[in-house]
Amino acid sequence: MLRWRRASFIQDCPNQLRSLHGRHVSLGDELYNDGYSVLLTALEHRYYGSSYPTPNNTYTYLTTPEAIQDVRNFVSHLKSTFSLPPSTQTYTFGGSYPGMISAYSRYTLGESNVIQGSVSSSSPVQGTVEMPTYNEVAGEALKIEGIGGSEECYDIIVNGHEQIGDMLKTPMGRESLADSFNVCGGSASLEKERNKSVFAGDGVVYIPAQENDPSCDGEVCDIAGICGFLISRMEEKEGTEEWEALEELAKVQNGDECVNVDWDEQLEFLKSPAAILGGTNSWMYQTCTGWGFYQTCTLDSSCPYAKGLHNVDQDLEMCKSVFGVEKDEVYKSVERSNEMYNGWNIEDKRILFVNGNVDPWSSLSVTPDNPKIDDGECKEGSFWVDNASHHFWTHEILDTDGVEVQDARARIHETVIGWIKEEEELAAGN
């Protein structure tokens, strides 16, 4: 009997094995210790990593429905390759976009009994062209005391960016900013509106709300470190303005390298072989043809950065310039995706949605208190992980993991065990 295997299948090479790590492996260990036979595999998404067709500069078959059919075929391949018995159960796990694939695989293949259940972590299942909530949630994360945030920290970042937004409107202000933040090309680079957006529309400093890791090693590597740094800079020198504290933080984060704000150069990079082979283009293409998710910072939002600089028109320009996808088609493709998978109102009793309250992507996932979601089994079964960032509980288990993350893992384990037993009871009844 097959008791415990860790396998990662690459393309169509089932004999090529790699070791896996992280929470999903530990869950496999726990299921094994509970007496179950376990085969744990990782499936690489088409057009990512080494799974590219030839030629690799076209994306005709890069769609979410195609990826889900890959899951179906992969499950069939596994059962055939390992001669698995008909009673074998299959569960999908994933975080972020893989979390979407995990949920949609159960949603679309569940009735045919291909997938028995899905754990979908930090998955933005509601497609939307414009996503102001990403930066809004990132701003709110700066206030969470459990991860070292505070209202004072939030105010420094908001006020500093407001000051920078005003400075960008004058030649003298742009000169000062270009010099202070070491902008490549000097103040001339900040004269173009698109370049202003690159510079301050998504923040002149990096706020790691999505990747916040309290165990990271570095002075300003997480929200606690960033907030402590900014507050101390404001207190050390009387009369310091908030934008100057952001300047000091930017110098620590960027080092001696100048800050490239050239929008046209970014577009050219997205057309280059480096962007294609690195997978950057693959995801950008999927946003243009299926999901959107463009993280704007508009005047009417509560974005903590320089408001009014990052509007959705620049993202739509990227779709047109890089992939030839017109604005109207972007909107239509997102609408089709939501119709196909039902967005927030996806419904299946065997999909478990888990989200961290620090994570900006949570605004588009299924959460227990989202008023935009109809009541149902998915919403009722979903839960929050306090003080946790983007599917942090799926990461490698560490001694520094908070109790909330540990409890989330235990709850996921309990849920999956419950599903397995339900399937066993159904099989026994037949």
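Just so it is clear, the model here is predicted, and its values are computed rather than measured.

How each quantity is defined
- Residues numbered from 1 in each chain as written.
- Predicted model: local features only at pLDDT ≥ 70, side-chain atom pairs only at ≥ 80, totals over all residues.
- Heavy atoms only, no water.
- Helix = DSSP H or I, 4+ residues; strand = E, 2+ residues; numbered from the N terminus.
- Rg over C-alpha atoms; globule rule 2.2 N^0.38 Å.
- Lys, Arg positive; Asp, Glu negative; His and termini not counted.
- Charge placed at Lys NZ, Arg CZ, Asp CG, Glu CD.
- Phe/Tyr/Trp six-rings, centres within 6.5 Å; stacked < 30°, edge-to-face > 60°.
- Buried < 20%, exposed > 50% of the residue type's maximum accessible area, 1.4 Å probe, protein only.
- Pairing = 2+ DSSP bridges.
- Core = buried A, V, L, I, M, F, W, Y, C linked by side-chain atoms within 4.5 Å.
- Contact = heavy atoms within 4.5 Å.
- pLDDT = per-residue confidence, 0-100.
- Axes fitted to C-alpha atoms, helices over the stretch in contact; angles between N-to-C directions.
- Right-handed = clockwise from strand over helix to strand, strands pointing away.
- Disulfide = S-S within 2.5 Å.
- Salt bridge = Lys/Arg side-chain N within 4 Å of Asp/Glu carboxyl O.

## Some details on the overall build of the protein
Within the protein, the regular secondary structure consists of 16 helices and eight strands. Taken over C-alpha atoms, the radius of gyration comes to 23 Å for the protein, in line with the 22 Å a tight globule of 430 residues would show. Both charge centroids of the protein, one from 31 positive and one from 69 negative side chains, sit 7 Å from each other.

## Structural notes on the packing of aromatic side chains
Summed over all chains, the structure comprises 14 aromatic pairs. Considering the side-chain rings of Y104 and Y341, the 4.1 Å spacing of their centres and the 15° angle between planes classify their relative orientation as stacked. Here the residue Y104 occupies a position in helix 3 (residues 97-109), and Y341 occupies one in helix 14 (residues 327-341), the gap between them amounting to 237 residues. What makes Y104 buried here is its relative accessible area of 0%.

## Focus: the pairing of strand 7 (residues 351-356)
In terms of residue burial, strand 7 counts as a mostly covered element, since six of its six residues are buried. Neither face of strand 7 is open: one carries I351, F353 and N355, the other L352, V354 and G356, and all of them are buried. Of the pairings in the sheet, the one linking strand 4 (residues 117-121) to strand 7 comprises four bridges and is parallel in character. For S121, the partnering residue across the bridge sits in strand 7 and is V354.

## Some thoughts on the nonpolar core
In this structure, I164, L177, F181, F199 and L230 are the most contacted members of the largest nonpolar core, which totals 42 residues. Counting only elements with at least two residues in this core, the list comes to helix 4 (133-141), helix 5 (151-167), helix 6 (171-180), helix 7 (193-201), helix 8 (223-236) and helix 9 (242-254). With near-sequence residues (within four places) excluded, F199 lies in contact with I164, L168, L177, F181, V183, L190, V204 and V261. Counting residues in each nonpolar core, the second largest holds 27 residues, with V125, W291, I346 and V366 among its members.

## What to know about the confidence of the model for the protein
Predicted coordinates in regions of low pLDDT should not be interpreted in detail. Summarising the model, the protein shows a mean pLDDT of 90, and 93% of its residues fall at 70 or more. Every residue in residues 1-21 is under pLDDT 50, and counting partners more than four places away or in other chains gives 57 contacts.

## Brief notes about the sheet that holds strand 7
One open sheet holds the four strands; their spatial order is 3-4-7-8, and the pairing between them is parallel. Edge positions in the open sheet fall to strand 3 (91-95) and strand 8 (383-385), since each of these has one partner strand only. Adjacent strand axes in the sheet meet at a mean angle of 15°, parallel and antiparallel pairs treated alike. Both strand 7 and strand 8 contribute to a ladder of three bridges, which runs parallel. Pairing of V354 across the sheet is with F383, part of strand 8. Most of the contacts of helix 16 (residues 403-429) go to strand 8, to which it runs at about 150°, and overall it touches strand 3, strand 4, strand 7 and strand 8.

## Here's the deal with the pairing of strand 3
The buried fraction of strand 3 amounts to four of the five residues, a majority that puts the element mostly inside the structure. Where strand 3 lies against strand 4, five bridges are found, and the strand directions are parallel. Residue pairing in the sheet places G95 in a bridge with S121 of strand 4. With helix 3 bridging strand 3 and the parallel strand 4, this β-α-β connection has right-handed handedness.

## Brief notes about unusual backbone geometry
For S83, which is not a glycine, the phi torsion comes out positive at approximately 50°. As for its placement among the helices and strands, S83 is situated in the loop between helix 2 (64-81) and strand 3.

## A few points about the state of the cysteines
This structure, assessed with the given rule, holds five disulfides. Between C288 and C319 runs a disulfide, and the two sulfur atoms are separated by 2.1 Å. Because the sign of the S-S torsion sets the handedness, a value of about -90° for the bond joining C288 and C319 places this disulfide among the left-handed ones. Of the two residues, C288 is situated in helix 12 (residues 280-291) and C319 in helix 13 (residues 312-323); the sequence distance between them amounts to 31 residues. For the pair formed by C288 and C319, the shared burial category is buried. Between the sulfur atoms of C297 and its disulfide partner C303 the distance amounts to 2.1 Å. What sets the handedness of the C297 and C303 disulfide is the S-S torsion sign, and at about -100° it is left-handed. Taken as a pair, C297 and C303 share a single burial class, namely buried. When the bonded cysteines of the protein are counted from the start of the sequence, the pairing works out to 1-5, 2-6, 3-4, 7-10, 8-9.

## Points about the pattern of salt bridges
Evaluated as defined, the whole model comprises 18 salt bridges. Salt-bridge contacts for R194 lead to E317; the nearest nitrogen and oxygen are separated by 2.8 Å. Highlighted residues: R194 in helix 7 and E317 in helix 13, separated in sequence by 123 residues. Taking relative accessible area as the criterion, R194 reaches 24% and is therefore assigned partly exposed. R350 is paired through a salt bridge with E423; the nearest N and O atoms lie 3.0 Å apart. Of this pair, R350 sits in the loop between helix 14 and strand 7 while E423 sits in helix 16, and the two are 73 residues apart along the sequence. The same class applies to R350 and to E423, which are both buried. Through salt bridges with shared partners, a single ionic network connects R46, E66 and D70.

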